[in-house]
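Breakdown of the fold
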Amino acid sequence: AVAAEQRAMVDLVRELVAAPTLLGHEAAGQEVMRRAFRELGLEPFDVPLDAGELERHPAGAPHSWSVDGKANVLADWNGSGDGRSLILNGHIDVVSPEPAALWTGDPFRARVEDDWIYGRGAGDMKSGLAAMVGAVRGLQRLGVEPRGRVQLQSVVEEECTGNGALACVVAGHTADAAILTEPTQGAIWNAQVGVLWFQVRAIGAPAHAGDAGEGANAIEASYRVIEALRALEAELNAAKPPLFEAYPHPINLNVGMIRGGDWPSTVAGECLLHCRLALYPGEPVGALKERVEEAVASVAADSRFHFDVLYDGFQCEGYELEPDASLVAGLSDAAARVTGSKPPLYASTATTDARTFHLYGGTPAVSFGPLAENEHGVDERVLIPSMTQTAQAIALFVADWCGVARARHEVRAADSEA
């Protein structure tokens, strides 16, 4: 029944890719998800982001942009009420495709070639949203409904703060378990690192290039800041907890953006680095912030420069769900019935919204989803059969975890050949 929905899932991914849901422009994609939820016979509702609530919550990430008008889109598939509840969560936002000139085609015009869908967000993670919808459509095609509530969530700001998922938790949207359909290549991610975003602003002294010795070049001073941060990165990778022993380099520093100077013939008086650094589960974000600030301070001995460390975006902890947790065991069994083998368990060197449900919502959570390639890179793509397998495993898990019964009200599944 789920396989019969493959074409509809592909069509939904293509429509979602065509909505360039970059930060601040998520609304068009959320409207697509509202319509997809309505076509399931469900009534979508919004969970808005409240800046004040987010600032007051210990997991709220600082942000320099407005969240006015932003909303997560949710829908409840309610059953007879005597089964366990489940959240199926995906994020609508995507990262920039730049430099778009490196892509084979338009990043926001999905194309299908040899069982792959290409486009920004096709893998991370609009295919996951489509798989959630496809799983429900498949069950509805069989004329069944869950005994426990299944809540579908399309959230914003997973790629920069996690404040979208947090808004859902703050509003009381929790469950007995949560599956986030991130592109995990069919593996189950039951643990992940935390992430800190920070900026380092170097202030020097502008001068004419002809008198460069009289100035202090902030761009060149930033080289030394990066060297100090690389030394910190090496220290963080020196002693790995058992979860991450298999990784040669689990804690990654990324210098993602740099902006400095304003004229080729002027010594740069200011430079701003935007960085990302990870931390292991169980480690407090505050301790990592202190180490970052100490690393930057070690460069400040040169009195010609002034350095500030600023925070904007992710400030999140890592988490681990025990490998023998009932959610892990049940999802592993469901996936094995689809593919013929149990999926591997991984501790991810990236972060997902799973941490928010697990740490702050009392909801055991894992990530599980399709095989994608080049996420955050050029010519991002997702393998269509893996999306279908994800939906099949989720449908089986819903039947096992929530229980199913004959539907009280008939909901017409869309004809996959239409």
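Residues numbered from 1 in each chain as written. Predicted model: local features only at pLDDT ≥ 70, side-chain atom pairs only at ≥ 80, totals over all residues. Heavy atoms only, no water.

**Section: the pattern of salt bridges**
Which entries qualify depends on this criterion: The salt bridge criterion pairs a side-chain nitrogen of Lys or Arg with a carboxyl oxygen of Asp or Glu, the two atoms within 4 Å. Elements are defined by DSSP. Helices are runs of H or I of four residues or more, strands are runs of E of two residues or more, and each kind is numbered from the N terminus. Each residue is placed in one exposure class: buried if its accessible area under a 1.4 Å probe, protein chains only, is under 20% of its type's maximum, exposed if it is over 50%, and partly exposed if it falls in between.
The final tally for this structure, using the stated rule, is 19 salt bridges. The closest approach of N and O atoms between R141 and E5, which form a salt bridge, is 2.9 Å. Pair noted here: R141 is in helix α4 (residues 122-141) and E5 is in the segment before α1 (6-17), with a separation of 136 residues, a long-range link. With relative accessibility at 34%, the residue R141 sits in the partly exposed group. In this structure E5 comes out as buried when scored by relative accessible area, which is 0%. Through salt bridges that share partners, E31, R34, R38 and D46 make up one connected network.

**Quick look at the nonpolar core**
Quick note on the threshold: Among the buried residues, those of types Ala, Val, Leu, Ile, Met, Phe, Trp, Tyr and Cys that are joined through side-chain atoms within 4.5 Å form a nonpolar core. What makes two residues a contact is simply this: any of their non-hydrogen atoms within 4.5 Å.
If you look at the biggest cluster of nonpolar residues, it comprises 78 residues, and the most contacted ones within it are L86, I117, L152, I179 and M387. Other than its neighbours up to four places away in sequence, L152 contacts F37, L40, L42, V73, L74, A75, L88, M132 and V136. In this structure, V195, C271, V299 and F305 belong to the second largest nonpolar core, which totals 36 residues.

**A look at the layout of surface pockets**
The test is simple: Here a cavity denotes grid points, spaced 1 Å and computed from the protein atoms alone, that fit a 1.4 Å probe unable to get out, and a pocket denotes an open set having protein on both sides within 12 Å along at least 5 of 7 lines; residues with an atom within 4 Å of a point are the lining. Grid points are joined across faces, edges and corners, and a volume is the space filled by probe spheres set on the points. In this count, Pro and Cys sit with the nonpolar residues alongside Ala, Val, Leu, Ile, Met, Phe, Trp and Tyr, while Asp, Glu, Lys and Arg are called charged and the others, Gly among them, polar.
A volume near 1500 Å³ is recorded for the largest pocket. V95, E159, W197, F314 and H376 are, among the 43 residues lining the largest pocket, the residues nearest its centre. Those elements giving two or more residues to the lining of the largest pocket turn out to be β10 (194-203), β11 (254-260) and β12 (270-279). The class makeup of the residues in the lining of the largest pocket is 17 nonpolar, 15 polar and 11 charged.

**Notes on the packing of helix α8 (residues 326-339) against helix α10 (residues 384-401)**
The cut-off we apply is this: Working convention: axes come from line fits to C-alpha atoms, limited for helices to the stretch in contact. Angles between N-to-C directions cover 0 to 180 degrees. Small angles under 35 degrees read as roughly parallel and large ones over 145 as roughly antiparallel, with 65 to 115 read as roughly perpendicular and the rest as oblique. Here a crossing is taken to be left-handed if its near helix is turned anticlockwise relative to the far helix by less than a right angle, and right-handed if that turn runs clockwise.
Running from N to C, α8 and α10 point in directions that differ by 130°, and their axes come no closer than 8 Å. When the interaxial angle is binned, α8 and α10 end up oblique. For the element pair α8 and α10, the recorded crossing hand is right-handed. From α8, S326, L327, G330, L331, D333, A334, A335, R337, V338 and T339 reach across to α10, where they touch Q389, Q392, A393, L396, F397, D400 and W401. Here the contact of α8 with α10 is built from residues that sort into 9 nonpolar, 5 polar and 3 charged.

**A closer look at the packing of α4 against α10**
Each packed pair of helices is defined by two parameters, the angle between the axes and the distance between the axes. Between α4 and α10, whose axes approach to 8 Å, the crossing angle comes to 50°. Classed by the angle they form, the pair α4 and α10 counts as oblique. In the packing of α4 onto α10, the handedness of the crossing is right-handed. Residues S127, A130, A131, G134, A135 and L139 of α4 lie in contact with α10, whose contacting residues are M387, T390, A391, I394, A395 and V398. For the contact of α4 with α10, the residue count by class is 9 nonpolar, 3 polar and no charged.

Function-wise, these values are silent; they only describe arrangement.
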